[in-house]
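# Structure assessment
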Amino acid sequence: MSSTPTMRFSGQENFHPEDTGQIERSLWVLEPPNPPPLWNKLFSPLKKSMFFFSSKKKTYLGRAVSFLESLFPILCWFKNYKASKFKNDLLAGLTLASLSIPQSIGYANLAKLDPQYGLYTSVVPPLIYAVMGSSREIAIGPVAVVSLLLSSLVPKVVDPAVDPDAYRNVVFTVTLFAGIFQAAFGIFRLGFLVDFLSHAALVGFMAGAAIIIGLQQLKGLLGVTHFTNKTDVISVLVSVYKSLHQQITSGEKWYPLNFVIGCSFLIFLLIARFVGRRNKKLFWLPAIAPLLSVLLSTSIVYLSKADKSGVNIIKHVKGGLNPSSVHKLQFHGPHVGQTAKIGLISAVIALTEAIAVGRSFASIKGYHLDGNKEMLAMGCMNIAGSLSSCYVATGSFSRTAVNFSAGCQTSVSNIVMAVTVFLCLELFTRLLYYTPMAILASIILSALPGLIDINEAYYIWKVDKFDFLACIGAFFGVLFVSVETGLLVAVSISFAKILIQSIRPGIEVLGQVPRTEAFCDVSQYPMATSTPGILVIRISSGSLCFANANFVRERILKWVIMEEENELAKGKVYAVILDMGNLMNVDTSGILVLEELHKRLLSRGVRLAMVNPRWVVIWKLKVAQFVDKIGKKWVFLTVGEAVDACLSSKLPEP
């Protein structure tokens, strides 16, 4: 390519390129296929999710079979299910149940519900997920973060201390709404909505929630009777101080046995967790340690009559099959909208945690997890759960890790766990009467270290400071205000990041890298050289729209003026080439700004050329007649062709 500095260009339309190949390539750019209509964009995701109507080649029976296999993945893999796999799943399910039973009781207590509702949530949702879910390792049941979320948001609607029955009914209704939202996300392929809670925000949110959950356990660990409904760290610590101070000043006796029992078994659980991590063959030790702690502590309290000495115990746990809760759902009254909002928040948090857990273990096993199918499965299981006295269930990281370590092969391990928990409800709930509340607190505390990932937070800080801002925003929002505020701060910072990137897109001056045909950013490649009189600019943005179009125009005009000031000895700028290969879309505001840019450049005697616009962009520019205004001969496939065409225009300087 020539780089003669004395070459001049004209803004007239009598440029005739001699290269017929270049004309043909320009026609490729100018004659793209028409973009799909609006209705197709809106409804194609729904059509893809309707498996029954997706294939025209199959018979109705074939479509029905494909639909059922897509809806119930168990129909696909159960055909080849072998006894050897069942042996592994049986062991994993029993190991999982030994961890789920005490954790479920503890999480129900965290959610301000009776213990049996945590056990109910470990029966029906895992069974539904086992037939509809596509993950082989994920363990379904109540989790700490969602339990905390419900205990912090639902009391704003109904106070559990004043009306526990109404509180429980609102929780069931929240679960139904959460299931409906999750199923809708899956059916309409709206999984991208969950992605607004970014990975960085989730790391901060989980860490903040873990600390709050840990502070909440001071109630059971210290045997505190009066406790705040607020979840921020200041309110919790003030509540603990006031409760202990009131007991001391009023002469009430404080019973240290709660603290002694809780701390003793917490140390045991942490040691078991440490040993299990150091020796993979002892994976079962941290899994059965919680159940072993419950059995030992219950026996100690029963034999020593420690409940007479002030040790708080669970007392009655209702057993039996999950009772129906259809008649308890609340669809009337002034709080339905607030209940639906809590359901939406719970749905997003539950999905985010479950999909993150499922995908991490699926990547280890080397298979793909369909996010939309997972959402549909989660939604259906929570809808069914809301009708059978369950609250919001999702995938648990700690229990999934145990399930994976125990060698589970399929989701049959969830079925084994659910059956085991059901047998516990039928046969052994009376044995839980003397279980101390401090044990539930210690079990929850022992599971919290897995929610705090300091290494990941440090990694986020090193890679992306803006992501780290979302991380610490979520962390401090949850810690010092509320769970809801932490989520709002995290999502707001993520939106702000997207908005800033949209309003201030990357606009790069390109030059040709020596001994190559590539045109690259001169800031990144200082050795790249630009052709005198020609300014090559790349718009690195997904869209040229109302939010950033004026910024793009002003930046380009500023660069033209700066280039002319820098090139006074060599001459003015005669051509501006826009590389639009990265531009995916343009709206009417963007087109108007391009027209204004063209007029202002033309008034300065500068020709505007376009390179490689995407098919949607060139289609819109043709409809708006912008291509006719700049001339079809000034639309090119590559930057090199555009520069050569400008250089070959050997007209005298006007």
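Note that the structure is a prediction, hence the values are computed from the model and not measured. Per chain, residues are indexed from 1 in the order of the written sequence. The model is predicted, so local features are restricted to residues of pLDDT at least 70 and side-chain atom pairs to those at 80 or more, both for listing and for counting; the totals for chains, interfaces and linings are taken over all residues. To get the side-chain values, take all heavy atoms of the structure and skip hydrogens and water.

## Here we look at the pairing of strand β7 (residues 575–579)
- Partly exposed residues are those whose accessible area sits between 20% and 50% of the maximum for their type, while under 20% is buried and over 50% is exposed, using a 1.4 Å probe and protein chains only. Numbering of helices and strands runs from the N terminus; a helix is a DSSP stretch of H or I covering at least four residues, while a strand is a stretch of E covering at least two. Within β7, 5 of the 5 residues are buried, leaving the element largely enclosed by the surrounding structure.
- In β7, alternate side chains face the same way, and those of Ala575, Ile577 and Asp579 on one face and Val576 and Leu578 on the other are all buried.
- Here strand β5 (residues 534–540) pairs with β7 via 5 bridges, running parallel. Within β7, the residue paired with Ile534 across the bridge is Ala575.
- Judged from the 5 bridges that link them, β7 and strand β9 (residues 607–611) form a sheet pairing that is parallel. Looking at β9, one finds that Val576 is bridged to Leu608. When DSSP finds at least two bridges between two strands, those strands are taken to pair.

## Quick notes on the side chain of Thr175
- With respect to the helices and strands, the residue Thr175 is situated in helix α10 (residues 164–187).
- Classification of Thr175 as buried rests on a relative accessible area of 1%.
- There is a polar contact of 3.3 Å between the side chain of Thr175 and the backbone nitrogen of Val392.
- Beyond its immediate chain neighbours, meaning those up to four positions away, Thr175 contacts Asn382, Ser386, Cys390, Tyr391 and Val392. Polar contacts, as used here, are pairs of N or O atoms within 3.5 Å; protein pairs need one atom able to donate a hydrogen and one able to accept it. Residues neighboring in sequence count only if both atoms are side-chain atoms. A contact between two residues is defined here by any heavy atoms of the two lying within 4.5 Å.

## Some details on the sheet that holds strand β4 (residues 519–521)
- Strands sit in the order β4-β3-β5-β7-β9-β10 across an open sheet of 6 strands; the sheet is mixed. Among the strands making up the open sheet, the edge pair consists of β4 and β10 (635–636).

## Here we look at a nonpolar patch on the surface
- Each patch groups residues whose relative accessible area exceeds 30% and which form no salt bridge, using 9 Å between like charges and 5 Å between nonpolar side chains of Val, Leu, Ile, Met, Phe, Trp and Tyr. Note that accessible areas follow from Shrake-Rupley with a 1.4 Å probe, and for residues the cover is restricted to the protein chains shown. One side-chain nitrogen of Lys or Arg within 4 Å of one carboxyl oxygen of Asp or Glu is enough to make a salt bridge. On the surface, Ile234, Val238, Phe476, Phe480 and Val481 cluster together into a nonpolar patch covering about 430 Å² of accessible area.
- Looking at where Phe476 falls in the secondary structure, it is placed in helix α22 (residues 465–480).

## Quick notes on the packing of aromatic side chains
- By convention, a stacked pair of Phe, Tyr or Trp rings (six-membered ring in the case of Trp) has centres within 6.5 Å and planes under 30 degrees apart, an edge-to-face pair has planes over 60 apart, and any other such pair is tilted. Counted under the stated rule, the structure contains 14 aromatic pairs.
- Their ring planes at 50 degrees and their centres at 6.0 Å tell us that Phe361 and Phe397 sit as a pair that is tilted. On the criterion of sequence distance, the pair formed by Phe361 in helix α16 (residues 336–365) and Phe397 in helix α18 (residues 397–405) is long-range, its members being 36 residues apart.
- You can call Phe361 buried: its relative accessible area is 7%.
- Residues Phe361 and Phe404 carry aromatic rings whose centres are separated by 5.3 Å and whose planes lie at 55 degrees to one another, so their mutual orientation is tilted. Of this pair, Phe361 sits in helix α16 while Phe404 sits in helix α18, and the two are 43 residues apart along the sequence.

## Quick word on the pairing of strand β3 (residues 506–512)
- Across the 7 residues that make up β3, a large majority, 6, are buried.
- Note: β3 against β5, 5 bridges, orientation antiparallel. Counterpart to Gly506 in the pairing with β5 is Ser540.
- As paired elements, β3 and β4 share 3 bridges and run antiparallel to each other. Looking across to β4, one finds that Gly511 is bridged to Cys520.
- Between the end of β3 and the start of β4, which pair antiparallel, lie 6 residues, with Arg515 showing a positive phi angle near 65 degrees.

## Description of the nonpolar core
- Nonpolar cores are built from buried Ala, Val, Leu, Ile, Met, Phe, Trp, Tyr and Cys residues. Side-chain atoms within 4.5 Å join them into one set. Among the nonpolar cores identified, the biggest contains 93 residues, and Leu150, Val154, Phe205 and Ile349 are the most heavily contacted of them.
- The greatest single-element share of this core, amounting to 10 residues, is contributed by helix α11 (residues 199–216).
- Contacts of Val154, omitting those with residues within four sequence positions, involve Tyr167, Val170, Val171, Val174 and Ile342.

## Some details on the packing of helix α9 (residues 144–153) against α11
- For the pair α9 and α11, the least separation of the axes is 10 Å and the interaxial angle reads 70 degrees. It follows from the interaxial angle that α9 and α11 lie roughly perpendicular. Pair α9 / α11 crosses with left-handed handedness. Contact residues: α9 offers Ala144, Val145 and Leu148, while α11 offers Phe205, Met206, Ala209, Ile212, Ile213 and Gln216.
- By the convention adopted, Pro, Cys, Tyr, Trp, Phe, Met, Ile, Leu, Val and Ala count as nonpolar, Lys, Arg, Asp and Glu as charged, and the other residues, Gly among them, as polar. Looking at the contact of α9 with α11 residue by residue, the class counts come to 8 nonpolar, 1 polar and no charged. Every axis in this analysis is a line fitted to C-alpha atoms, fitted for helices over the stretch in contact. Angles between the N-to-C directions lie between 0 and 180 degrees. Angles are sorted into four bins: roughly parallel if under 35 degrees, roughly antiparallel if over 145, roughly perpendicular if 65 to 115, and oblique for all others. Should the near helix be turned anticlockwise from the far one by less than a right angle, the crossing is termed left-handed; should it be turned clockwise, right-handed.

## Considerations on the domain arrangement of the protein
- An automatic or database domain assignment is the source of the domain bounds shown. Domain annotation of the protein identifies domain 1 (86–495) and domain 2 (505–649).
- Computed over C-alpha atoms, the centres of domain 1 and domain 2 are 55 Å apart.

## Overview of the packing of helix α6 (residues 83–110) against α18
- Their axes nearest at 9 Å, the elements α6 and α18 cross at an angle of 165 degrees. With respect to α18, the axis of α6 lies roughly antiparallel. Where α6 crosses over α18, the two elements pack in a sense that is right-handed. Seen from α6, the contacting residues are Ala92, Thr95, Leu96, Leu99, Ser100, Gln103 and Tyr107; seen from α18, they are Ser398, Arg399, Val402 and Asn403.

## Observations regarding the confidence of the model for the protein
- For the protein, the mean per-residue pLDDT works out to 86, and 90% of the residues sit at or above 70.
- Each residue carries a pLDDT score, the predictor's confidence in it, ranging from 0 to 100. Contacts for the low-pLDDT stretch residues 1–18, under 50 throughout, to residues beyond four places or in other chains number 43 contacts.
- Of the regions scoring below 50 in pLDDT, residues 650–654 engages in 8 contacts with residues more than four places distant in sequence or in other chains.

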